[in-house]
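Survey of secondary and tertiary structure
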Amino acid sequence: MSGDGGFGAPVRAGVAAVRRQPRLGRRLDAALKTAEGDVTARLVVFARTYVEFAVEHRALLPLMHRPKSEARDDALSAANDRAFSAPLRLLQEARDRGDIDPDTSGRVDLTLLALLQGLTVLVATGMNGDLPLDTLVTGCIETLMSGLRPC
């Protein structure tokens, strides 16, 4: 056993995650800068980009889906904050325009996060079957935005 008490691999994984997290932020920023259309179309771009990144970097899923209540490394927390600054701006702009519920308690944000994490698990495990990622993400975001009531 190494002199690190057996924590070498988790520490290395955490360091690698911190290095990759800025890539997620850059990808989300770039995707949202070029995204056009209403808030639903822009949320689809955000969700697709997030899910694609998460599936490409599956080793990060435990860190990406880690509860906020668990202690986090300061660098990882800062990287997470940077990664989600553009999506949080998108949600705030949508609130300001009246496109989404003005709730600021976290209910709306948590609902979107739950959907993103669920989509990530579906795609990462292949539970989406033959349904293409874009079709899956678009359908789920559109349903979220329109609600479950019949049209």
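Residues numbered from 1 in each chain as written. Predicted model: local features only at pLDDT ≥ 70, side-chain atom pairs only at ≥ 80, totals over all residues. Heavy atoms only, no water.

Points about the overall build of the chain
The following threshold applies: In DSSP terms, a helix is any run of H or I states spanning at least four residues, a strand is any run of E spanning at least two, and both are numbered starting from the N terminus. Relative accessibility decides the category of a residue: with a 1.4 Å probe and only protein chains considered, values under 20% of the type maximum give buried, values over 50% give exposed, and everything between is partly exposed. Calculation of accessible area relied on Shrake-Rupley with a 1.4 Å probe; when residues are assessed, cover is drawn exclusively from the protein chains displayed.
Counting secondary structure elements, the chain contains 7 helices and 0 strands. Across the chain, helices and strands are ordered from the amino to the carboxyl terminus as α-α-α-α-α-α-α. A burial count over the chain gives 36% of its 151 residues as buried. Carbon and sulfur atoms provide 57% of the accessible area of the chain, an area that totals close to 9,000 Å².

A few points about the confidence of the model for the chain
Stated formally: By definition, pLDDT measures how confident the predictor is in each residue, and it falls between 0 and 100. Every residue pair with non-hydrogen atoms within 4.5 Å of one another is taken to be in contact.
Predicted confidence across the chain gives a mean pLDDT of 81, with 81% of residues reaching 70 or more. Confidence, expressed as mean pLDDT per element, reaches its minimum in the chain at helix α1 (residues 8-34) with 68 and its maximum at helix α7 (residues 133-146) with 95. Low pLDDT, under 50, characterises residues 1-8; the predicted model gives this stretch 2 contacts beyond four residues in sequence or across chains.

Considerations on the packing of helix α5 (residues 85-97) against helix α6 (residues 107-125)
Let me state the cut-off plainly: Every angle, taken between N-to-C directions, lies between 0 and 180 degrees, and every axis is a line fitted to C-alpha atoms, over only the stretch in contact when it is a helix. Angle categories: roughly parallel below 35 degrees, roughly antiparallel above 145, roughly perpendicular from 65 to 115, and oblique for all the rest. Handedness of a crossing is defined here by the sense of rotation of the near helix relative to the far one, left-handed for an anticlockwise turn of less than a right angle and right-handed for a clockwise turn.
Taken N-terminus to C-terminus, the directions of α5 and α6 make an angle of 130°; their axes are 12 Å apart at the nearest point. By the angle between their directions, the pair α5 and α6 is classed as oblique. At the point where α5 passes α6, the crossing takes the right-handed sense. Between α5 and α6, the residues in contact are Leu 88, Leu 91 and Arg 95 and Val 108, Asp 109 and Leu 112, respectively.

Brief notes about the pattern of salt bridges
For the record, the criterion: By definition, a salt bridge exists where a carboxyl oxygen of Asp or Glu is found within 4 Å of a side-chain nitrogen of Lys or Arg.
Evaluation of the coordinates by the stated rule reveals 6 salt bridges. Here Arg 42 makes a salt bridge to Glu 93, at a shortest N to O gap of 3.8 Å. Here the residue Arg 42 occupies a position in helix α2 (residues 39-56), and Glu 93 occupies one in helix α5, the gap between them amounting to 51 residues. A relative accessible area of 16% places Arg 42 in the buried class. Residue classification places Glu 93 among the partly exposed positions, given a relative accessible area of 35%. Residues Asp 109 and Arg 95 are paired through a salt bridge, measuring 2.6 Å at the closest nitrogen-oxygen approach. Of the two residues, Asp 109 is situated in helix α6 and Arg 95 in helix α5; the sequence distance between them amounts to 14 residues.

Re the packing of aromatic side chains
Put simply, the rule is: Stacked, edge-to-face and tilted labels apply to pairs of Phe, Tyr and Trp rings (six-membered ring for Trp) whose centres lie within 6.5 Å, assigned for plane angles under 30 degrees, over 60, and everything in between, in that order.
Taken as a whole, this structure holds 1 aromatic pair when the rule is applied. On the basis of an interplanar angle of 55° and a centroid distance of 6.4 Å, the ring pair of Phe 46 and Tyr 50 is categorised as tilted. Within this pair, Phe 46 and its partner Tyr 50 are both found in helix α2, separated by 4 residues, close to a single helical turn. Of the two residues examined, Phe 46 and Tyr 50, each falls in the buried class.

Things to note about the nonpolar core
The nonpolar side chains of a soluble globular protein tend to be buried, and buried together. Quick note on the threshold: Here, nonpolar core refers to any group of buried Ala, Val, Leu, Ile, Met, Phe, Trp, Tyr and Cys residues whose side-chain atoms link them within 4.5 Å.
Of all hydrophobic cores here, the largest spans 34 residues; its most connected members are Leu 43, Phe 46, Tyr 50 and Ile 141. Elements represented by at least two residues in this core include exactly α1, α2, α3 (61-64), α5, α6 and α7. No other element matches α2, which puts 10 residues into this core. Residue contacts for Leu 43: discarding those within four places in its chain leaves Leu 90, Leu 91, Leu 112, Ile 141 and Met 145.

Examining helix α4 (residues 74-83)
Condition: The arc in question is the one spanned by the directions pointing from the helix axis to the C-beta atoms.
Of all the positions in α4, only Leu 76, Ala 79, Asn 80 and Ala 83 are classed as buried. Around the axis of α4, the buried residues are gathered within 100° of arc, so they sit on the same side. For α4, the exposed residues lying more than 90 degrees away from the buried face are Asp 74 and Asp 81.

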